[in-house]
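Now for the letters of each chain:
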Amino acid sequence: MNWEVATVDDVVDETARVRTIVLDVPEWPGHRAGQHLDVRLTAEDGYRAEREYSIASAPGEPVAITVERLEDGEVSPYLTQELRAGDGLELRGPIGGHFVWGPENGGPVLLVAGGSGVVPLRAMLRHRLRSGTDLPVRLLYSSRTLDDVIYREELDQASDGVAVVYTLTREQPPGWTGHARRVDPELLEEVAWPPEDDARAFVCGPTSFVETVADGLVELGYPPVRVKTERFGATGVK
């Protein structure tokens, strides 16, 4: 794949540390929900830094990525604080075929996200909505606080057939009646589709989170081949 320059159409601040960047990519060949792309920044002295970001938009929508700012990062501070509409951004993609979902893959579907691991799962939810399928989906989303929940307004208005369950691991607002712990086997058993439903699971987040969830689902009886995983670096869950 060749690098090409996309134009930033819009930027949307999702949380205090997370921004969605909507891009106009002239030669974009189309993507599948769950794929990612590479971004490359070049400094004035010629130094280059590349990072991989999941695609946050559904197939057929403008390409978008959602970036969490790392205070000591080389790329994310620029993308989340300095990049503006009209700026150019060098990228290549789409990339990946393992962690993808479409209505033709069937359901029910279980999505489990840790922090910014919700990004490719959001693309799957939007793809489900755009496709008009009624396949049932459950999303279990673990975040430090309610303010750290990415796409909160969108997720709170989930379409029929989509159940969204939050668990807040660090701080809960007054009157919170939801879950308030890390994802563990008991929480998975409560939220996940029963193994006999032949569900497909997609798990995304930091490595330790993903391994815990994947192992828990297999222990529940999910065949490993039906548990797809994607690991992120930093994320808003611990």
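All values reported here derive from a predicted model rather than from experimental measurement. The residue numbers shown here count from 1 along each chain, following its written sequence. Per-residue local features are limited, in this predicted model, to residues with pLDDT of at least 70; the limit for side-chain atom pairs, both in listing and counting, is 80 or more; totals at the level of whole chains, interfaces and linings are taken over all residues. Heavy atoms throughout the structure, all of them, feed into the side-chain values; hydrogens and water do not.

(A) Focus on the domain arrangement of the chain. Per the annotation, domain bounds derive from an automatic or database assignment of domains. In terms of domain boundaries, the chain breaks down into domain 1 (4–95) and domain 2 (103–232). The straight-line distance from the C-alpha centre of domain 1 to that of domain 2 is 24 Å. Contacts were defined at the residue level, with two residues in contact if any of their heavy atoms lie within 4.5 Å. At the interface, 16 residues of domain 1 touch 16 residues of domain 2. Buried area between domain 1 and domain 2, summed over both chains or domains, comes out near 1400 Å², and the portion from carbon and sulfur atoms is 54%. Two parts placed together each lose some accessible area; with a 1.4 Å probe, that loss summed over both constitutes the buried area. Among the residues domain 1 hides against domain 2, the three largest losses belong to Ser54, Ala56 and Glu61. Together they make up 28% of the total. A pairing counts as a salt bridge when a side-chain nitrogen of Lys or Arg comes within 4 Å of a carboxyl oxygen of Asp or Glu. Applying the counting rule to domain 1 against domain 2 returns one salt bridge. The residue Glu61 makes a salt bridge to Arg126 at a minimum N-O spacing of 3.0 Å. Counted as a polar contact is a pair of N or O atoms within 3.5 Å, where, for protein atoms, one must be capable of donating a hydrogen and the other of accepting one, and residues adjacent in sequence contribute only when both atoms are in side chains. On the surface where domain 1 and domain 2 come into contact, there are five residue pairs in polar contact (both at pLDDT 80 or more).

(B) Structural view of the packing of aromatic side chains. Pairing of aromatic rings covers Phe, Tyr and the six-membered ring of Trp, with a centre-to-centre limit of 6.5 Å; geometry is then stacked below 30 degrees between planes, edge-to-face above 60, and tilted otherwise. Using the criterion set out here, one finds two aromatic pairs in the structure. Between Phe99 and Phe202, the aromatic rings sit 5.4 Å apart at their centres with planes inclined by 80°, giving edge-to-face as the arrangement. With Phe99 in the loop between strand E6 (88–95) and strand E7 (109–114) and Phe202 in strand E10 (residues 200–206), this residue pair connects regions lying 103 residues apart in the sequence. Summarising the burial analysis for this pair, Phe99 and Phe202 share the class buried. Relative to Tyr166, the ring of Tyr141 lies with its centre 6.2 Å away and its plane at 55°, an arrangement referred to as tilted. Placement of the pair is Tyr141 in strand E8 (residues 137–143) and Tyr166 in strand E9 (residues 162–168), with a sequence separation of 25 residues. Working definition: helices are DSSP H or I runs of at least four residues, strands are E runs of at least two. Numbering for both runs from the N terminus. Only protein chains enter the calculation, and the probe is 1.4 Å; a residue is then buried if its accessible area is under 20% of its type maximum, exposed if over 50%, and partly exposed in between.

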